[in-house]
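# Observations on the three-dimensional arrangement
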Protein chains: 2
Amino acid sequence: MSVAAFLMAGSALAQTPSPTNLGRNSYPQVGPDNRVTFRVNAPRATSLTLSLGKDYPMVKDEKGFWTVTSDPQVEGFHYYSLKTGGLTFNDPSVHSFFGTGRDCSAIEVPEDPASAAFYTPQQGVPQGAVRSIRYWSEVCGQWRRMFVYTPAGYEQNPGKRYPVLYLQHGGGEDETGWIYQGFADVILDNLVAEGKAVPMIIVMVSGVAQKADGSGDGFEAMVTEEVIPLVDKRFRTLADRDNRAVAGLSWGAKQAYDLGLGYRDLFSWIGGFSGIIVIGEFRVRPAGYEDPEKFAAAYDGVFSDPKWFNENYHLLFIANGEAEGSHLMGMSALLKERGIENVFYQSPRTAHEWLTWRRCLKEFAKRLFK
Amino acid sequence: MSVAAFLMAGSALAQTPSPTNLGRNSYPQVGPDNRVTFRVNAPRATSLTLSLGKDYPMVKDEKGFWTVTSDPQVEGFHYYSLKTGGLTFNDPSVHSFFGTGRDCSAIEVPEDPASAAFYTPQQGVPQGAVRSIRYWSEVCGQWRRMFVYTPAGYEQNPGKRYPVLYLQHGGGEDETGWIYQGFADVILDNLVAEGKAVPMIIVMVSGVAQKADGSGDGFEAMVTEEVIPLVDKRFRTLADRDNRAVAGLSWGAKQAYDLGLGYRDLFSWIGGFSGIIVIGEFRVRPAGYEDPEKFAAAYDGVFSDPKWFNENYHLLFIANGEAEGSHLMGMSALLKERGIENVFYQSPRTAHEWLTWRRCLKEFAKRLFK
């Protein structure tokens, strides 16, 4: 995607066209009631459907423009597609973002500019940079790419070392998500400038990592044996567990918990946004938490001694969006009942999407490495 | 676009599926004769057309898969689209690249691995990094993004300063093109590792830059008054004309010539790939070159004293692809006839696409700052 989508979501929230529109496209348009109107020119098409949470049949006018207005949307970032004849594809009038397993159309339903300020570029705020770095993964047997955010001043202070946050995207997304959809770099630039967060390095890799030998998921091996050593070699990191955090969203939250709780020698700060700590059966949410034996055995016994856990883990941060429901609030409460200290945050109104996760990152980053 | 497309074009040239395919998608498939077969599932579509240079009607099988095989394609990188009912859209089975004014589908018709080695990541080659940097343009009245490549060792040598190449994309593309389609970072990493190029910084900005006041194109003002000062402030550059180059492709070549020839105090190395130096009328290629007065007056008289030009400009590099025709060879010859030294390079076989420009960058970069 290009610079417009990357920036305008932050800078053009007052506009009616979706900030993700290409160039000067006036559609999709977000109405004051957060209904979104889509418009596509396809004079000879026989049917066209908008897929945004649910399917909306579009209607063609005499000029060949198909339009439809959605139900009111929760403010935030939403993927969507067009469908015709059984084919799902992108709206050519907007930028695409890697999500749903492909470069996918998306709209931003803006919140008020004051609320959006924390992920909006601010003039005069010293900026970090996002590096794209290619690396060979022996575990996966392929060249891969990581994004690495370094804070403002990284280059001006060649003697300074920084703590590191490993930050994972959600299912169907990749290492670009936290920058293009999440504005992680803007969020940290703004927090650091306000003195609300410690300058830190953020590392983003794709969570899709099959082992080269076909023996299954290589994600944890890749991160712990290849990514972390490479980052500690290439960047001026504080390379110990006290200065290493891991967080993720949705599927990436599960990966973050698995890394943070499963590799206690590597991480001491953990954040899970809109995802659960899996103990026992996945499908029954509190399963395992209710069973003292399963709970004590989880992650090689990391929860078996709450006193040890609370003394050795600096932060266990659990968060989601209000519209996602209360199960994570329940998970946080269950952990507290069992003596495991944790911080719970709920993003007002928002759903299982990037506005929730931008807010989660802000709340998490403020608490890191302090 | 995601890591796969970004890397596989370099690393999977022997494969039949296009290197730009998403995940494990087997279509599009490139045949040994460089015909490309496309396959899309749209059981209820009434018609589907492949647009790759020309339109190819697709044919539906009993399972609802639409397929078509193209004419043999020139090796290299080609944008394409699908069409139905008057709507042009992307193939959901491949990564998209910003081109043709939107995130657009593309295929890579591989050349032999040996020829592709120079833009293929090589294990053991020290790597630079590509930074994404947001900047406020007062000229354009908007936040914009630049990509900045710094060579291997940039961080390890805090006392070292580097020459800078300003590198422009083509029409309908943006600042991502030279990295995602062009592999400029891989090309420079490999050249530098072989001792064939001087370590340099490469700056890429979008060439689409309308003035905030609506008074027209702000590109030159933005680059000369905002981008160059910012780069010289944020990076360890050698900030003089002897250490500053500008190049571009197609429309970007025109911009590179306008900057390089129009701002002689800023640049002394110029590269134009698949684009012309406009003297006189644009549509008649040699127009102006034939007219001594127009020629001497061009760019405030930069060509009026060939001796001065040849002594003060270190390189005027003109290049294109063989399949693009001979007009740039003619332009190079005309300039030489008039005493203006220049180097001409033609990429064997290739067309007006990124394989041509990868090769042009390689040949240009080898000659820079020496």
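The structure presented is a predicted model; accordingly, all values stated were derived computationally and were not measured.

### Considering the pattern of salt bridges
- In total, this model carries 38 salt bridges over all chains according to the counting rule given.
- Glu290(A) is paired through a salt bridge with Arg338(A); the nearest N and O atoms lie 3.6 Å apart. With Glu290(A) in the loop between strand E16 (269-273) and helix H7 (292-301) and Arg338(A) in the loop between helix H9 (327-337) and strand E18 (343-347), this pair connects stretches of sequence that are 48 residues apart.
- The residue Lys196(B) makes a salt bridge to Glu194(B) at a minimum N-O spacing of 3.3 Å.
- For Lys196(B), a relative accessible area of 39% puts it in the partly exposed group.
- Taking relative accessible area as the criterion, Glu194(B) reaches 52% and is therefore assigned exposed.
- Three or more residues are tied together by salt bridges with common partners; here these are Glu75(A), Glu111(A), Arg349(A) and Arg359(A).

### Things to note about helix H4 (residues 184-193) of chain A
- Most of H4(A) is tucked away: 8 of the 10 residues are buried.
- Of all the residues in H4(A), the buried ones are Ala184(A), Asp185(A), Val186(A), Ile187(A), Leu188(A), Asp189(A), Asn190(A) and Leu191(A).

### A closer look at unusual backbone geometry
Residues and elements named next belong to chain A.
- With an omega dihedral of 0°, the bond running from tyrosine 27 to proline 28 counts as a cis peptide bond.
- Its identity as a non-glycine residue notwithstanding, aspartate 300 has a phi of 55°, on the positive side.
- The topology assignment puts aspartate 300 in helix H7.
- Residue classification places aspartate 300 among the exposed residues on the basis of a relative accessible area of 71%.

### Considerations on the packing of aromatic side chains
- Scanning the entire structure with this criterion turns up 45 aromatic pairs over all chains.
- Between Phe89(A) and Phe89(B) the ring centres are 4.1 Å apart and the planes differ by 35°, which places this aromatic pair in the tilted class. Of the two residues, Phe89(A) is situated in strand E8 (residues 87-89) and Phe89(B) in strand E8 (residues 87-89); the pairing between them involves two chains. Residues Phe89(A) and Phe89(B) agree in their burial class; the two are buried.
- Positioned above the aromatic ring of Phe118(A) is the side chain of Lys362(A), whose terminal nitrogen or guanidinium carbon lies 4.9 Å from the ring centre.
- It is Arg39(B) that lies over the ring of Phe65(B); its NZ or CZ is 3.7 Å from the centre.

### A closer look at the relation of the copies chain B and chain A
- In screw terms, the move from chain B to chain A is a rotation of 180° and a rise of 0.0 Å along the axis, fitting with an RMSD of 0.0 Å. Taken together, the rotation and translation describe the operation of a two-fold axis. When each C-alpha of chain B is compared by its distance to the rotation axis, Arg131(B) comes out closest, at 2.1 Å.
- A share of 100% of interface residues in chain B that are also interface residues in chain A marks the association as one of identical surfaces.

### Description of empty space enclosed by the protein
- Taken as a whole and assessed by the stated rule, the structure comprises 9 cavities of 30 Å³ or more.
- By volume, the largest cavity amounts to about 100 Å³.
- Forming the boundary of the largest cavity are 13 residues, of which Ser132(A), Phe147(A), Tyr180(A), Ser132(B) and Phe147(B) lie nearest the centre.
- Of all elements in the fold, only strand E11 (129-137), strand E12 (142-150) and helix H3 (177-180) of chain A together with strand E11 (129-137) and helix H3 (177-180) of chain B reach the threshold of two or more residues within the lining of the largest cavity.

### Points about the interface of chain B and chain A
- Taken residue by residue, the interface counts 59 residues in chain B and 59 residues in chain A.
- The interface formed by chain B and chain A includes 4 salt bridges.
- For the salt bridge of Arg134(A) with Asp185(B), the shortest nitrogen-to-oxygen distance reads 3.1 Å.
- Summed over the shared surface of chain B and chain A, the number is 13 residue pairs in polar contact (both at pLDDT 80 or more).
- For the side of chain B that touches chain A, the secondary structure elements donating two or more residues are helix H1 (3-11), strand E2 (35-41), E8, strand E9 (96-99), strand E10 (102-109), E11, strand E12 (142-150) and helix H4 (184-193) of chain B.
- Here the side of chain B that touches chain A gets 7 residues from one element, more than from any other, and that element is E11(B).

### What to know about the pairing of strand E17 (residues 315-321) of chain A
Residue and element names in this part refer to chain A.
- Counting buried positions along E17 yields 7 of 7 residues, so the element is predominantly enclosed.
- In E17, alternate side chains face the same way, and those of Leu315, Phe317, Ala319 and Gly321 on one face and Leu316, Ile318 and Asn320 on the other are all buried.
- Of the pairings in the sheet, the one linking E16 to E17 comprises 5 bridges and is parallel in character. Residue pairing for E17: tryptophan 269 is matched across the bridge by leucine 315.
- One ladder, built from 5 bridges, connects E17 with E18; its direction is parallel.

### Some details on the confidence of the model for chain A
- Scored by pLDDT, chain A comes out at a mean of 92, with 94% of its residues at no less than 70.
- Below a pLDDT of 50 lies the segment residues 1-15 of chain A, which in the model reaches 56 contacts outside its immediate sequence neighbourhood of four places, other chains included.

### A look at the packing of H4(B) against helix H10 (residues 354-367) of chain B
All names here are of chain B.
- Packing of H4 against H10 leaves a shortest axis separation of 10 Å and a crossing angle of 40°. The angle between H4 and H10 places the two elements in the oblique class. Remark: the crossing between H4 and H10 carries right-handed chirality. Of the residues in H10, those touching H4 at Ala184, Ile187, Leu188 and Leu191 are Arg358, Leu361, Lys362, Ala365 and Lys366.

### Focus on the sheet that holds strand E1 (residues 29-30) of chain B
All names here are of chain B.
- If you walk across this open sheet you meet the 4 strands as E1-E2-E6-E5, and the pairing is antiparallel. Edge positions in the sheet fall to E1 and strand E5 (59-60), since each has one partner strand and no second.
- The pairing of E5 with strand E6 (residues 65-72) spans 2 bridges and is antiparallel. Across the sheet, the residue bridging to lysine 60 is tryptophan 66, located in E6.

### With respect to the sheet that holds strand E2 (residues 35-41) of chain A
Residue and element names in this part refer to chain A.
- Taking strand neighbours across the sheet as the criterion, the 4 strands line up as E1-E2-E6-E5 in an open arrangement whose pairing is antiparallel. Two strands close off the open sheet at either side, each with one partner strand: strand E1 (29-30) and strand E5 (59-60).
- Pairing of E1 with E2, which is carried by 2 bridges, proceeds in the antiparallel orientation. Bridge assignment links valine 30 to a residue of E2, and that residue is valine 36.

### Some words on the domain arrangement of chain A
Residues and elements named next belong to chain A.
- Each assigned domain of chain A is listed with its residue range as follows: domain 1 (3-110) and domain 2 (124-367).
- Measuring from the centre of the C-alpha atoms in domain 1 to the corresponding centre in domain 2 gives 31 Å.
- Facing the 17 residues of domain 1 at the interface are 17 residues of domain 2.
- Both faces considered, domain 1 and domain 2 share a buried interface measuring about 1,200 Å² in area, 58% of it formed by carbon and sulfur atoms.
- The interface formed by domain 1 and domain 2 includes 10 residue pairs in polar contact (both at pLDDT 80 or more).

Criteria and thresholds
Residues numbered from 1 in each chain as written. Chains lettered and ligands numbered in written order. Predicted model: local features only at pLDDT ≥ 70, side-chain atom pairs only at ≥ 80, totals over all residues. Heavy atoms only, no water. Salt bridge = Lys/Arg side-chain N within 4 Å of Asp/Glu carboxyl O. Helix = DSSP H or I, 4+ residues; strand = E, 2+ residues; numbered from the N terminus. Buried < 20%, exposed > 50% of the residue type's maximum accessible area, 1.4 Å probe, protein only. Phe/Tyr/Trp six-rings, centres within 6.5 Å; stacked < 30°, edge-to-face > 60°. Lys NZ or Arg CZ within 6 Å of the ring centre and 35° of its normal. Least-squares fit on C-alpha atoms with pLDDT ≥ 70 in both. Contact = heavy atoms within 4.5 Å. 1 Å grid on protein atoms, 1.4 Å probe; cavity = no way out; pocket = protein on both sides within 12 Å on 5 of 7 lines; lining within 4 Å. Points joined across faces, edges and corners; volume = space filled by probe spheres on them. Polar contact = N/O pair within 3.5 Å; in protein donor to acceptor, adjacent residues only side chain to side chain. Pairing = 2+ DSSP bridges. pLDDT = per-residue confidence, 0-100. Axes fitted to C-alpha atoms, helices over the stretch in contact; angles between N-to-C directions. Parallel < 35°, antiparallel > 145°, perpendicular 65-115°, else oblique. Left-handed = near helix turned anticlockwise from the far one by under 90°. Domains from an automatic or database assignment. Buried area = accessible area lost by both parts, 1.4 Å probe.

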